[in-house]
Amino acid sequence: MRSVPPIPDMILELDGQEAQPLSIRAKALVFADPASRTMLHYLERIAPSDAPVLIKGETGTGKELVARHIHQLSGREGPFVAVNCGAISEHLAEAELFGHVQGAFTGATNSRAGWFEAANGGTLFLDEIGDLPLALQVKLLRVLQEQEVVRVGTRKPIPINVRLVTATNVALEDAVRAGRFRLDLLFRLNIADVNLPPLRDRIGDILPLAEYFLRRYAKRLELPEQNLSQCAVKALQKYSWPGNIRELENVIHHALLVSSDDEIKVGNLKLDRTVTELGLPDDQVQTEYQAYEQLQQALKALFEEGEQDLFNRVEEVIIRSAHQFTHFNQVRSASLLGVSRNVLRTLLKKHNLLDGGRPDIPRIR
């Protein structure tokens, strides 16, 4: 059964964008959930300014892509440059950010511009800003105040025009209290802040993202178009996604590799934590999902056979089964099916089951 398609104009993807010094890890960000749409409106308001932006969010939520979207909305004509502060060597961090001249240190055989100069006229995105060494934090603060950089090995300032966007997956306030981050720099970076919700708080984004990754990896793997079963959709939406969008991408990629059908089933999804999070025994979870999968396959077979009056026949089986399961107790039957007793009585009467009609459940051909 086909799931709801994604909203095309609400998906941002990075394919075809300019190369970055450190690769962007999030592949797509969806603005389908109400929380995401609220965030999108906020981004549209802050993007046109030159104010620094601090993006806060868990790992894998798409902070890099939000930064790129801010750049695209800003109207700045220069490039978007992304740098992961946690991946820069502490000894070379200053030269990487601000550049160096020939002979500034061992191995500096040529002069080289830093990432600030590379992003001149555009946006520089510094991810994991909390990992920046304290000594470099002082120099970063001065760059923001003076709008100029000084390459390692010289005293000549170079004017720059850069919009700075930073990101963190830790509470910088805690880092300040621990003496690992400068309070004055935090104030300077946090003029406009974006709180990026985790995927578990954006349930409306899960299915569109899953559909996007299904198409993307099916094309890459040269596989026919795949769909998600209803039970697979339910499992994806119940899962808490500790790894956020990046984990969802990996789960869909894996599901396509192991699926032997034209439909992704629950068994194809690598959701190791689902059982624990639902608080149910493993066999109970598997039984529930397998029962729905079997029901879906049975209905599919009936659809293919072109059964007449199928809805009424299936409805009769459901009502009769529930009534027999509860030993013909109307109150319990109604509760089991999630309807009122009056609705149940109407359905029992409709199918001639109200006045002691207790034949065996008919077998649907």
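The sections below set out a description of the structure shown in this document. (Residues numbered from 1 in each chain as written. Predicted model: local features only at pLDDT ≥ 70, side-chain atom pairs only at ≥ 80, totals over all residues. Heavy atoms only, no water.)

1. Brief notes about the overall build of the chain
What counts, and what does not: Helix numbering and strand numbering both begin at the N terminus, where a helix is a DSSP run of H or I of at least 4 residues and a strand a DSSP run of E of at least 2. Only protein chains enter the accessibility calculation, which uses a 1.4 Å probe. A residue is then buried if its area is under 20% of the maximum for its type, exposed if over 50%, and partly exposed in between. Working rule for contacts: check all heavy atoms of both residues, and any pair within 4.5 Å makes them a contact. Areas reported as accessible are Shrake-Rupley estimates using a 1.4 Å probe. Residue values count occlusion only from the protein chains shown.
Helix and strand counts for the chain come out as 15 helices and 11 strands. Here the chain, with 365 residues, has 45% of them falling under the buried criterion. Within the chain, contacts between residues at least 6 apart in sequence are counted, and of these 74% link residues at least 24 apart. For the chain, the exposed area adds up to about 19100 Å²; of that, 51% sits on carbon and sulfur atoms.

2. Topic: the side chain of D205
Basically, it comes down to this: As used in this structure description, the phrase polar contact means that two N or O atoms lie within 3.5 Å; if the pair is within protein, one of them must be able to donate a hydrogen and the other to accept it, and residues adjacent in sequence are counted only when both atoms belong to side chains.
Structurally, the position occupied by D205 is in helix α8 (residues 203-220). One polar contact links D205 to S36, side chain to side chain, over a distance of 2.4 Å. Sequence-distant contacts of D205, that is, excluding residues within four places in its chain, are made with V30, F31, A32, D33, S36 and L199.

3. Points about helix α5 (residues 134-146)
Keep this limit in mind: In this analysis, the expected span of each helix is defined as 1.5 Å times one less than the number of residues it contains.
Here α5 contains 13 residues, and its C-alpha end-to-end distance of 19 Å stays within 8% of the 18 Å for a straight helix at 1.5 Å per residue. Its buried side turned inward, α5 meets α3 (93-98), α4 (115-118), β5 (123-127), β6 (148-150), β8 (163-168) and α7 (183-189). Downstream of α5 by one or two residues, Q147 has phi in the positive range, about 55°.

4. Overview of the sheet that holds β8
How we decide: The pairing criterion is simple: DSSP has to find at least two bridges between the two strands. Each axis is a line fitted through C-alpha atoms, and for a helix only the stretch in contact is used; angles between axes span 0 to 180 degrees, taken between their N-to-C directions.
Strand order in the open sheet formed by five strands is β4-β5-β8-β3-β9, with parallel pairing between adjacent strands. Looking at strand neighbours, the two that pair on one side only are β4 (80-84) and β9 (192-195), the edges of this open sheet. The mean inter-strand angle of the sheet, taken between neighbouring strand axes irrespective of direction, is 20°. Pairing of strand β3 (residues 53-56) with β8 involves four bridges; the strand directions are parallel. Residue pairing for β8: I55 is matched across the bridge by A167.

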